[in-house]
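# Tertiary structure, described
Spelled out, the chains give:
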Amino acid sequence: MEFTVRNLNLYLFKNLPSAYFCGVRVYALGTDYCTVRVKHRWFNQNPFNSMYFAVQNMAAELTTGALVMRGIKESNKKISMLVLNQKSQFTKKARGMITFKCTDGDLIKEKINEAVNSKDGISFWVRSEGYDEKGDRVGVYEFEWTLKAK
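Right, let's talk about the pattern of salt bridges for a bit. Under the defined criterion, the tally for this structure stands at six salt bridges. A salt bridge links Lys92 to Asp132; its shortest N-O distance comes to 3.0 Å. In this pair, Lys92 is assigned in the loop between strand 3 (79-90) and strand 4 (97-102) and Asp132 in the loop between strand 5 (122-131) and strand 6 (137-149), connecting sequence segments 40 residues apart. Put simply, Glu129 and Arg137 hold a salt bridge, and the shortest N to O gap is 3.6 Å. Note on Arg137: relative accessible area 35%, which makes it partly exposed.

What follows is the structure, encoded as structure tokens:
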């Protein structure tokens, strides 16, 4: 698969339908960043009239996971990937269009190279942040990824 915004959104529809139907969409993808957007609406809200925490975590995880998948593909190696841990800090109610961004692409590439050269699996933390339309941060999301070369 070529890593484009369109192809990632098709991948999301096919392989992660719960995220897709909640409105999670890849918005931008660069060599060292990934941006995902999701709009607060009835289908993905909690009883407090803001975005359900699981939807926020799906979107934030996708920003990191897309970069890991892309880095693995570019390495031309067989590497397994899995989230081992996750931490979230919710700083404001998520309403309206929420944009999540991970800018740890360079770190991810370094860790993929480390995994290729290691006989054991490795783990590392990456970060994604979510912002509302006003530019206020709604949350900080950290994911511990594990990689193991096959």
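Pairing of strand 1 (residues 25-29) with strand 2 (residues 34-39) involves four bridges; the strand directions are antiparallel. In the strand pairing of strand 2, Val26 is matched with Val36. Hairpin connection from strand 1 to strand 2: four residues lie between these consecutive antiparallel strands. The pairing of strand 2 with strand 4 spans six bridges and is antiparallel. In the sheet register, Arg37 faces strand 4, and the bridge partner there is Thr99.

Moving on, we get to the environment of Asn49. Examined against the element boundaries, Asn49 turns out to sit in the loop between strand 2 and helix 3 (53-75). Along the sequence, Asn49 and Thr99 sit 50 residues apart, while their C-alpha atoms lie 18 Å from each other. Here Asn49 is in contact with His40 and Arg95, once residues within four sequence places are set aside.

In this section: unusual backbone geometry. Note: most residues except glycine have negative phi, and most peptide bonds are trans. Phi at Asn49 takes a positive value of approximately 60 degrees, unusual for a residue other than glycine. Residue Asn76 is not a glycine yet carries a positive backbone phi of 55 degrees. Looking at where Asn76 falls in the secondary structure, it is placed in the loop between helix 3 and strand 3.

As a further point, take the pairing of strand 5. In terms of strand pairing, strand 4 meets strand 5 through three bridges, oriented antiparallel. Within strand 5, the residue paired with Lys101 across the bridge is Glu129.

Ranked by size, the top nonpolar core spans 37 residues in total, and within it Val24 and Leu147 carry the most contacts. At the level of secondary structure, the elements contributing two or more residues to this core comprise helix 1 (5-15), strand 1, strand 2, helix 3, strand 4, helix 4 (105-117), strand 5 and strand 6. Residues in contact with Leu147, not counting those within four places in the same chain, are Val68, Ile72, Ile79, Ser80, Met81, Lys111, Ile112, Ala115, Gly121, Ile122 and Phe124.

On to the side chain of Asp104. Considering the arrangement of structural elements, one finds Asp104 in the loop between strand 4 and helix 4. For the buried Asp104, which has no salt bridge, the nearest side chain bearing the opposite charge is Arg127, at an N-O separation of 7.0 Å. Here Arg127 takes part through its backbone nitrogen, which lies 2.9 Å from a polar atom of the side chain of Asp104. Once you skip the residues sitting within four places of it in the chain, Asp104 turns out to touch Asp32, Val126 and Arg127.

In this section: the sheet that holds strand 1. Spatially, 1-2-4-5-6-3 is the arrangement adopted by the six strands of the open sheet, whose pairing is antiparallel. With one partner strand each, in any of the chains shown, strand 1 and strand 3 form the two edges of the open sheet. In this sheet, neighbouring strand axes are inclined to one another by 25 degrees on average, regardless of whether the strands run parallel or antiparallel. In this sheet, strand 6 lies alongside strand 5 in antiparallel orientation, the contact comprising 10 bridges. Across the sheet, Phe124 pairs through a bridge with Trp145, a residue of strand 6. Along the sheet, helix 4 contacts strand 3, strand 5 and strand 6; its crossing angle with strand 5, the most-contacted strand, is approximately 165 degrees.

So, how was this worked out
Here the residue numbering is sequential within each chain, running from 1 through the sequence in written order. Under the rules for a predicted model, residues below a pLDDT of 70 receive no local features and side-chain atom pairs below 80 are neither given nor counted, while totals for whole chains, interfaces and linings still include all residues. Side-chain metrics rest on all non-hydrogen atoms present in the structure, leaving aside hydrogens and water. Salt bridge, as used here, is a side-chain nitrogen of Lys or Arg placed within 4 Å of a carboxyl oxygen of Asp or Glu. Going along the chain from the N terminus, every DSSP run of H or I of four or more residues is numbered as a helix, and every run of E of two or more is numbered as a strand. Three exposure classes are used, based on accessible area relative to the maximum for each residue type with a 1.4 Å probe and protein chains only: buried under 20%, partly exposed in between, and exposed over 50%. In this description, strands pair whenever DSSP reports at least two bridges between them. We call two residues in contact when some of their heavy atoms are within 4.5 Å. Buried Ala, Val, Leu, Ile, Met, Phe, Trp, Tyr and Cys residues form a nonpolar core when they are joined through side-chain atoms within 4.5 Å. We count Lys and Arg on the positive side and Asp and Glu on the negative side, and we leave His and both chain ends out. The definition of a polar contact used here is a pair of N or O atoms within 3.5 Å, where within protein one atom must be able to donate a hydrogen and the other to accept one, and adjacent residues in sequence count solely through side-chain atom pairs. Comment: axis = line fitted to C-alpha atoms, over the contacting stretch for helices; angle = value between 0 and 180 degrees taken between N-to-C directions.

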